[in-house]
Amino acid sequence: MTIVIAYDGSDDAKAAIEFAGRMFPGEHAVVLTVWERLAMTSARASAGLMVTIDQAGAEDEAIGQAMSELAMQGAELAREAGLDATPRCDVDSVAVWSTIVDVAEELDASLIVTGTRGLGGVRSLLLGSTSDRVLHHAHRPVLVVPGPRKDG
């Protein structure tokens, strides 16, 4: 069994990892972090910031490195939760949800696990919830795990 766990560092994503570890101890998990190069370009443009192509390339490289490290942190959390986990970091091609679905398809994953809410930016708000899109577009089981309660 291969499980793809979407991970963006949010509390909901951490809760998804913890739950998957309790439900599927010892199973192989790919902890997937997807980052949005296009979203960063859009954010810069909407803020009126002009960046040269050389600077944008260096920024994308730095962001890609940070996202790879985030995936490694997620995989470590998954191992601590009892999963046989490996990290994976991909740049989205169309949207975060479609990359998650595509990677699950590529790996022939038995299950996709995601939190209910992540750290998605403006683009995610405009396109709808990533977990909702994964749930409706994946051709395999999807487990959507609610995040920790915010009592107060």
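Presented here is a report on the structure given in the accompanying data block. (Residues numbered from 1 in each chain as written. Predicted model: local features only at pLDDT ≥ 70, side-chain atom pairs only at ≥ 80, totals over all residues. Heavy atoms only, no water.)

**Side note on the pattern of salt bridges**
For clarity, the threshold we go by: Here, a salt bridge means any side-chain nitrogen of Lys or Arg that lies within 4 Å of a carboxyl oxygen of Asp or Glu. Helix and strand definitions here come from DSSP, where helices need a minimum of 4 consecutive H or I residues and strands a minimum of 2 consecutive E residues; each element is numbered from the N-terminal end. We call a residue buried when its accessible area falls under 20% of the maximum for its residue type, exposed when it is over 50%, and partly exposed in between, using a 1.4 Å probe and counting protein chains only.
Scanning all chains against the criterion turns up 5 salt bridges. As a salt-bridge pair, glutamate 106 and arginine 88 come within 3.0 Å of each other at their nearest N and O atoms. You can see glutamate 106 sitting in helix H4 (residues 96-107) and its partner arginine 88 sitting in strand S3 (residues 84-91), a full 18 residues away along the chain. Residue classification places glutamate 106 among the exposed residues on the basis of a relative accessible area of 54%. Its salt-bridge partner being aspartate 108, residue arginine 140 comes within 3.6 Å of it at the nearest N-O pair. Of this pair, arginine 140 sits in the loop between helix H6 (130-137) and strand S5 (142-145) while aspartate 108 is found in the loop between H4 and strand S4 (111-115), placing the two residues 32 residues apart along the sequence. Looking at arginine 140, the relative accessible area reads 14%, which means it is buried. Residues joined in a network through salt bridges with shared partners are Arg88, Asp90 and Glu106.

**Considerations on the packing of H4 against H6**
Where we set the bar: Every axis corresponds to a line fitted to the C-alpha atoms, with the helix fit spanning only the stretch in contact, and the corresponding angles, defined between N-to-C directions, vary from 0 to 180 degrees. Just so you know how the angles are binned, under 35 degrees is roughly parallel, over 145 roughly antiparallel, 65 to 115 roughly perpendicular, and the rest oblique. A crossing counts as left-handed when the near helix is turned anticlockwise from the far one by less than a right angle, and as right-handed when that turn is clockwise. Here, two residues are considered to be in contact whenever any of their heavy atoms come within 4.5 Å of each other. Note that Gly is not counted as nonpolar here; it falls among the polar residues with everything else outside the nonpolar set of Ala, Val, Leu, Ile, Met, Phe, Trp, Tyr, Cys and Pro and the charged set of Asp, Glu, Lys and Arg.
Where H4 contacts H6, the axes come no closer than 8 Å and their chain directions differ by 40°. Comparing the axis directions of H4 and H6 gives the class oblique. Handedness of the crossing formed by H4 with H6: right-handed. Together, Val96, Trp97, Ile100 and Val101 of H4 and Thr130, Arg133, Val134 and His137 of H6 make up the contact between the two elements. The class makeup of the residues in the contact of H4 with H6 is 5 nonpolar, 2 polar and 1 charged.

**Observations regarding the sheet that holds strand S1 (residues 2-6)**
The condition that has to hold: Whether two strands pair depends on DSSP finding at least two bridges between them.
The sheet built from 5 strands is open, its strands ordered S3-S2-S1-S4-S5 with parallel pairing. Two strands in the sheet have a free side with no partner beyond their single neighbour: S3 and S5. Here the strands of the sheet are splayed against their neighbours by 25° on average, with no regard to which way each runs. Of the strand pairs in this sheet, strand S2 (residues 28-35) and S3 are connected by 8 bridges, and their pairing is parallel. Directly across from leucine 32, in S3, lies its bridge partner arginine 88. Across the face of the sheet, helix H1 (residues 11-23) comes into contact with S1, S2, S4 and S5 while running at roughly 140° to S4. Against the sheet, H4 contacts S1, S2, S3 and S4, and its axis sits at roughly 150° relative to S2.

**Description of the environment of alanine 66**
Positionally, alanine 66 belongs in helix H3 (residues 53-80). Sequence separation of alanine 66 and cysteine 89 is 23 residues, and the distance between their C-alpha atoms is 9.9 Å.

**What about H4?**
Threshold: Expected span of a helix, by definition, is 1.5 Å for each gap between consecutive residues, and there is one gap fewer than residues.
Compared with an ideal rise of 1.5 Å per residue, which puts 12 residues at 16 Å, H4 spans 17 Å between its outermost C-alpha atoms and is within 8% of the ideal. Those residues of H4 hidden inside the fold are in contact with S1, S2, S3, S4 and H6. Taken from the residues just after H4, aspartate 108 is the one with a positive phi, measuring 50°.

**Describing the pairing of S2**
Defined as follows: We call a crossover right-handed when, viewed with the strands running away from us, the connection from the first strand over the helix to the second turns clockwise.
The element S2 is largely enclosed, with a buried count of 7 among its 8 residues. Pairing between S1 and S2: 5 bridges, direction parallel. Within the sheet, the bridge partner assigned to threonine 2 lies in S2 and is histidine 28. The parallel pair S1 and S2 is bridged by H1, and the resulting crossover is right-handed.

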